[in-house]
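# Summary of structural features
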Amino acid sequence: MIIGPFVLEIVVTFFIVACLLQKYGNCRKHHILVTANVFIAWYFAFIIICILPLDVSSTAYRQCLRDNFDTTTPYPVVTTEIPTNSSEVSNASSFEQNKSIQNIVDFQGLSFENACQLPWSYVSDEVLQSLWRVVYWTAQTLTWIILPMMQSYSTAGDFTISGKLKTALVENAIYYGSYLLIFGVLLIYVVLQPNSNLDGSHLKVICITASNTWGLFLLVLLEGYGLVEIPRKLWNTTKKGYMLNFLYFKASKVSAERCEAEERIDDLMEEITHISNTTPANHPTRPYVDLILEKLPDERKSVTQLRRSRDDGRFSIDGISVKGLAKLHKQVVKSLFFHC
């Protein structure tokens, strides 16, 4: 195996993805787990594009060997030893066998050089299969479990890890439910087949098939929209007057959405101000209130002039609940996201 091009592409792809993530992401602000998962997702996506040409050339070379030499080894293997006992074979027959083997070696060497040329980027089949297994199952795990859960986890308003995970599962119920529906249909179809034998390998194939089917359905829906919208958008970009009016409309729409987000933040600030002023310092929900206050931008804090009282006897704590604070926290996170 020629490992130079293979290792070079892996290393170059690593640095390219690292530079892109540094440019378009904020590694210092984000959590290390978020940065690591995003890096792995981007890295494996680029790996597929970069390693695929090596796989194609190596597969074509192995196919050429199978077609011409009927062997699965990367090079024609010729045995020079004769598996016979010299006491049982005469000198004449030994000479004829050696001559025949030499002729086969010469013929195979000539055909090998002319028909199958070893590519400079050749990678063994075992290495490629191991790489694709790692890429495929890692991508499946990121697509179906880690990334959706992380996205919902980051916007959840709960204050505990278990609460955020529960909220993330509820928000992804439709996402997982559609997959389980396809999986159930395929499972029933396989069970109803005669002589069906379900085991671990069959369940793995059903999982892969359900995932591919779900992806194909999504691809059909998006492709139906993209085949119409993308050419239309490219055509309209050539019209200067149309694009100018469109950008005016888009700018006004973004400005209106920002104003609505600011108004929503002001309403939330009033509610948070009331809760902060009516929550004593020794109340169990006080840390949650402080956590919500930390999410607010500094300019909003100065405008509303939030005050925190340390006198427990002056305030009423009726109506304060962790569930209500979690809902308020989620609204603050989403409002700040649209505001920024």
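To start, this report covers the structure provided alongside it. Model, not experiment: these values are computed from the prediction. Counting from 1, residues in each chain are numbered in the order their sequence is written. With pLDDT at 70 or above as the cut-off, local features in this predicted model cover only qualifying residues; side-chain atom pairs require 80 or more to be listed or tallied, and sums for whole chains, interfaces and linings still use all residues. The basis for every side-chain value is the complete set of heavy atoms in the structure, and neither hydrogens nor water enter the calculation.

### Quick look at the overall build of the chain
Put simply, DSSP marks the helices as runs of H or I at least four residues long and the strands as runs of E at least two long, and each gets a number from the N terminus on. Broken down by element type, the chain carries 11 helices and 0 strands. In the chain, the succession of α and β elements from N to C terminus is α-α-α-α-α-α-α-α-α-α-α. Accessibility here uses a 1.4 Å probe with only protein chains present; expressed as a share of the type maximum, an area under 20% marks a residue as buried, one over 50% as exposed, and anything in between as partly exposed. Scored against the burial criterion, the 340 residues of the chain give a buried share of 26%. A contact between two residues is defined here by any heavy atoms of the two lying within 4.5 Å. For the chain, long-range pairs separated by at least 24 residues make up 73% of all intrachain contacts whose partners lie at least 6 apart in sequence. A total accessible area of about 23,500 Å² is found for the chain, and carbon and sulfur atoms account for 64% of it. Each accessible area is a Shrake-Rupley estimate made with a 1.4 Å probe; only the visible protein chains count as cover when residues are assessed.

### With respect to the packing of helix H8 (residues 240–277) against helix H9 (residues 286–295)
Contact pair H8 / H9: the axes reach a minimum separation of 10 Å and the direction vectors enclose 145°. As H8 packs across H9, the resulting crossing turns out to be left-handed. When H8 is examined against H9, the residues Ile 272, Ile 275 and Ser 276 are found in contact with a partner set consisting of Arg 286, Val 289, Ile 292 and Leu 293. Ten residue types, Ala, Val, Leu, Ile, Met, Phe, Trp, Tyr, Cys and Pro, are classed as nonpolar, four, Asp, Glu, Lys and Arg, as charged, and the remainder, Gly among them, as polar. Taken together, the residues that form the contact of H8 with H9 break down as 5 nonpolar, 1 polar and 1 charged. All axes are obtained by fitting lines to C-alpha atoms, using only the stretch in contact for helices, and the reported angles, taken between N-to-C directions, cover 0 to 180 degrees. Left-handed describes a crossing in which the near helix is turned anticlockwise from the far one by less than a right angle; the clockwise case is right-handed.

### A look at the nonpolar core
With 15 residues, the main nonpolar core has Ile 272, Ile 292, Leu 296, Leu 325 and Val 332 as its most contacted residues. Contributing elements (two or more residues each) for this core: H8, H9 and helix H11 (322–339). Note on terminology: a nonpolar core comprises buried Ala, Val, Leu, Ile, Met, Phe, Trp, Tyr and Cys residues joined through side-chain atoms within 4.5 Å. Phe 6, Phe 44, Leu 54 and Val 135 belong to the second largest nonpolar core, which has 13 residues in total.

### Quick word on the packing of helix H2 (residues 32–69) against helix H4 (residues 125–155)
Here H2 crosses H4 at 150°, and the two axes come no closer than 9 Å. Classified by the angle their axes make, H2 and H4 are roughly antiparallel. Remark: the crossing between H2 and H4 carries left-handed chirality. Any angle that is under 35 degrees is reported as roughly parallel, and any over 145 degrees as roughly antiparallel; angles of 65 to 115 degrees are reported as roughly perpendicular and all others as oblique.

### Some points on the pattern of salt bridges
By definition, a salt bridge exists where a carboxyl oxygen of Asp or Glu is found within 4 Å of a side-chain nitrogen of Lys or Arg. All told, the structure shown has 5 salt bridges when counted by the stated rule. Between Arg 62 and Asp 125 there is a salt bridge, and its shortest N-O distance comes to 3.7 Å. With a gap of 63 residues between them, Arg 62 in helix H2 and Asp 125 in helix H4 connect regions that are remote in the sequence. Notably, a salt bridge pairs Arg 258 with Glu 262, separated by 3.5 Å at the nearest N-O pair. You can see Arg 258 and its partner Glu 262 sitting in helix H8, 4 residues apart, about one turn around the helix.

### Overview of the environment of Tyr 136
Checked against the element boundaries, Tyr 136 lands in helix H4. Tyr 136 sits in the partly exposed class, given a relative accessible area of 28%. Measuring from C-alpha to C-alpha, the distance between Tyr 136 and Phe 44 comes to 8.8 Å, with 92 residues separating the pair along the chain. Beyond its immediate sequence surroundings of up to four residues, Tyr 136 is in contact with Ile 208 and Asn 212.

### Some details on helix H6 (residues 173–192)
Multiply 1.5 Å by the residue count of a helix minus one, and that product is the helix's expected span. Taking 1.5 Å of rise per residue, the 20 residues of H6 would be expected to cover 28 Å, and the 28 Å separating its terminal C-alpha atoms lies within 8% of that figure. Within H6, burial applies to Tyr 175, Tyr 176, Tyr 179, Ile 182 and Phe 183. All buried residues of H6 lie within an arc of 130° about the axis, which places them on one face of the element. The exposed set on the far side of H6, more than 90 degrees from its buried face, consists of Ile 174, Leu 180, Leu 181, Val 185, Ile 188, Tyr 189 and Leu 192. Along the arc lie the directions from the helix axis toward the C-beta atoms.

Purely geometric stuff here, so don't read any function into it on its own.
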